[in-house]
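An overview of the molecular structure
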Amino acid sequence: MRVHVADHPLVTHKLSVLRDHRTPSPVFRQLTEELVTLLAYEATRNVKVSPVEITTPVTTTMGVKISEPRPIVVPILRAGLGMLEGLVKLLPTAEVGFLGMVRDETTFEPTTYAERLPDDLSDRQCFAIDPMLATGGSLAAAIQFLFDRGAKDVTAICLLGTPEGLAAIEALVGDRDVTIVLGALDERLNEKGYIVPGLGDAGDRLYGTV
């Protein structure tokens with residue numbers, strides 16, 4: 001498992017605004033989209049491409065295009081929806097699937113309540129997006145779900161992560177091809193399973209509590 005933690009002043013600045021409890025939902029949503037686009041540059045470093053001949057105004061030359069089968073972006077509902085636009089702006093040819101997962105607030109165990117994905121993900125590069133890698137339960141279950149469908153590799157993009165969450169993912173994936181891209185690696189989890197210092201409940205801050 002590879003882990004990349006962003007080290008860029010723009011990422012840190014935007015995360016600082018997200019963490020502030022006074023930041024309203026519209027600003028929170030906009031900054032989340034911007035952060036995902038910044039993180040996606042690293043996350044898509046190894047996206048598969050194929051050579052293609054192109055004609056410029058001067059001559060012909062060789063370039064590249066995103067390979068088939070196209071990569072698939074999988075937001076983990078509901079908070080992952082807030083990250084979707086930022087990634088597909090950078091990777092517009094990707095397909096989009098959905099995984100609905102909810103965490104039991106007592107046991108912290110995730111359950112899947114909805115999915116919209118191809119039955120066969122063989123040879124597909126998958127990008128799972130979820131703002132928070134806290135206990136790691138939801139993301140680990142999502143990664144396992146994708147590999148069970150035949151995914152070739154999985155890259156997860158999260159705004160924040162914890163050492164506990166990374167350890168949980170590493171214990172699951174073994175020698176499979178998984179990359180985790182984080183905006184920041186925070187200190188720890190508290191007794192309620194929230195990231196410290198964190199930014200609170202990302203879903204509530206994106207969309208409200210309904």
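Residues numbered from 1 in each chain as written. Predicted model: local features only at pLDDT ≥ 70, side-chain atom pairs only at ≥ 80, totals over all residues. Heavy atoms only, no water.

**Quick look at the overall build of the protein chain**
Within the protein chain, the regular secondary structure consists of six helices and 13 strands. The C-alpha atoms of the protein chain give a radius of gyration of 17 Å, which matches the 17 Å a tight globule of 210 residues would have. On the principal axes, the C-alpha backbone points of the protein chain span a range of 60 × 35 × 30 Å. For the protein chain, the proportion of its 210 residues judged to be buried stands at 46%. For the protein chain, restricting intrachain contacts to residue pairs at least 6 apart in sequence, the fraction spanning at least 24 positions comes to 70%. Element-wise, carbon and sulfur atoms account for 53% of the exposed surface of the protein chain, whose accessible area totals about 10500 Å². Across the protein chain, 20 positive and 28 negative side-chain charges occur, with their mean positions spaced 4 Å apart. (Helix = DSSP H or I, 4+ residues; strand = E, 2+ residues; numbered from the N terminus. Rg over C-alpha atoms; globule rule 2.2 N^0.38 Å. Buried < 20%, exposed > 50% of the residue type's maximum accessible area, 1.4 Å probe, protein only. Contact = heavy atoms within 4.5 Å. Areas by Shrake-Rupley, 256 points an atom, 1.4 Å probe, with all protein chains shown as cover. Lys, Arg positive; Asp, Glu negative; His and termini not counted. Charge placed at Lys NZ, Arg CZ, Asp CG, Glu CD.)

**What to know about the UniProt feature "binding site: uracil" (unreviewed entry) in the protein chain**
Under the UniProt annotation, "binding site: uracil" (unreviewed entry) lies at Ile 195, Gly 200, Asp 201 and Ala 202. Mapped onto the elements of the fold, Gly 200 is located in the loop between strand 13 (195-196) and helix 6 (202-207). Judged by its relative accessible area of 35%, Gly 200 falls in the partly exposed class. Leave out the neighbours within four places in its chain, and Gly 200 touches Met 132 and Tyr 194. We classify Ala 202 as buried; its relative accessible area is 6%. When residues no more than four places from it in sequence are discounted, the contact partners of Ala 202 are Phe 28, Ala 79, Pro 131 and Met 132. (UniProt positions renumbered as here; feature names shortened; annotations may be inferred.)

**Some details on the environment of Leu 91**
Relative to the helices and strands, Leu 91 is located in the loop between helix 3 (81-90) and strand 5 (95-96). Overall, Leu 91 belongs to the buried group, its relative accessible area being 5%. Separated by 25 residues in the primary sequence, Leu 91 and Ile 66 place their C-alpha atoms 9.0 Å from one another. Beyond its immediate stretch of four places on either side in the chain, Leu 91 contacts Thr 44, Ile 66, Pro 71 and Phe 127.

**Here we look at the state of the cysteines**
As enumerated under the stated definition, the model contains zero disulfides in all. Looking at Cys 126, it has no disulfide partner, and the nearest cysteine sulfur is the one in Cys 158, 15 Å off. The exposure class assigned to Cys 126 is buried, which follows from its relative accessible area of 0%. (Disulfide = S-S within 2.5 Å.)

**Some remarks on the UniProt feature "binding site: 5-phospho-alpha-D-ribose 1-diphosphate" (unreviewed entry) in the protein chain**
As recorded in UniProt, the feature "binding site: 5-phospho-alpha-D-ribose 1-diphosphate" (unreviewed entry) lies at Arg 78, Arg 103, Asp 130, Pro 131, Met 132, Leu 133, Ala 134, Thr 135, Gly 136, Gly 137, Ser 138 and Asp 201. Tracing the chain through its elements places Thr 135 in the loop between strand 9 (132-133) and helix 4 (137-148). Reaching out from Thr 135, the side chain makes a polar contact with the backbone nitrogen of Gly 137 at a distance of 3.2 Å. Residue position: Gly 136 is located in the loop between strand 9 and helix 4. Once residues lying within four places of it in the same chain are set aside, the contact partners of Gly 136 are Gly 165, Ala 168 and Ile 169. (Polar contact = N/O pair within 3.5 Å; in protein donor to acceptor, adjacent residues only side chain to side chain.)

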